[in-house]
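Next come the chains, spelled out residue by residue.
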Amino acid sequence: INTNQMNSFAANCIQLINNNKEPAWVFSEKAWDSLYKAQKKLIMKNTRNIITSNVETIENISGGSVRCMITELF
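Residues numbered from 1 in each chain as written. Predicted model: local features only at pLDDT ≥ 70, side-chain atom pairs only at ≥ 80, totals over all residues. Heavy atoms only, no water.

Draft legend 1. View of the overall build of the protein. Each helix and strand in the protein was counted, giving 5 helices and 3 strands. Put simply, the protein runs from its N terminus to its C terminus through helices and strands in the order α-β-β-α-α-β-α-α. The C-alpha radius of gyration of the protein comes to 12 Å, within 12% of the 11 Å expected for a compact globule of 74 residues. Dimensions of the protein, computed from C-alpha atoms along their principal axes, come out at roughly 35 × 30 × 20 Å. A total of 74 residues make up the protein; the buried ones form 31% of that total. In the protein, which carries 8 positive and 6 negative side-chain charges, the distance between the mean positions of the two groups comes to 11 Å. (Helix = DSSP H or I, 4+ residues; strand = E, 2+ residues; numbered from the N terminus. Rg over C-alpha atoms; globule rule 2.2 N^0.38 Å. Buried < 20%, exposed > 50% of the residue type's maximum accessible area, 1.4 Å probe, protein only. Lys, Arg positive; Asp, Glu negative; His and termini not counted. Charge placed at Lys NZ, Arg CZ, Asp CG, Glu CD.)

This is the structure:
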């Protein structure tokens, strides 16, 4: 990713497994929108489940994004 994408939280995405045991990628809208078409195509090649959400307030105030808001249980 480039600096603009980094500043748009593109690296703050996370891959989860849904109830059907399928992978799902979670991005903020800002992060997803910052990716190039070829990057999105590569991600969508491996999963059809892309979840985006507007978390602009969290990104602007806390400096975090979707990955920071999700608890990882292993």
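Draft legend 2. Quick peek at the environment of Gln-15. Checked against the element boundaries, Gln-15 lands in strand S1 (residues 14-17). Assessed through its relative accessible area of 41%, Gln-15 is described here as partly exposed. Aside from chain neighbours lying at most four places away, what touches Gln-15 is Pro-23, Ala-24 and Trp-25. (Contact = heavy atoms within 4.5 Å.)

Draft legend 3. Quick peek at the nonpolar core. Listed in full, the 7 residues of the largest apolar core are Ala-10, Cys-13, Phe-27, Ala-31, Trp-32, Leu-35 and Ile-43. Setting aside residues no more than four positions away along its own chain, Trp-32 makes contact with Phe-27, Lys-40, Ile-43, Met-44, Ile-50 and Thr-52. (Core = buried A, V, L, I, M, F, W, Y, C linked by side-chain atoms within 4.5 Å.)

Draft legend 4. Region of interest: the pairing of S1. Examined bridge by bridge, S1 and strand S2 (residues 23-28) share 4 bridges and lie antiparallel to one another. Its bridge partner lying in S2, Gln-15 is registered against Trp-25. Linking S1 back to S2 in an antiparallel pair, the connection comprises 5 residues, with Lys-21 at a positive phi of about 65°. (Pairing = 2+ DSSP bridges.)

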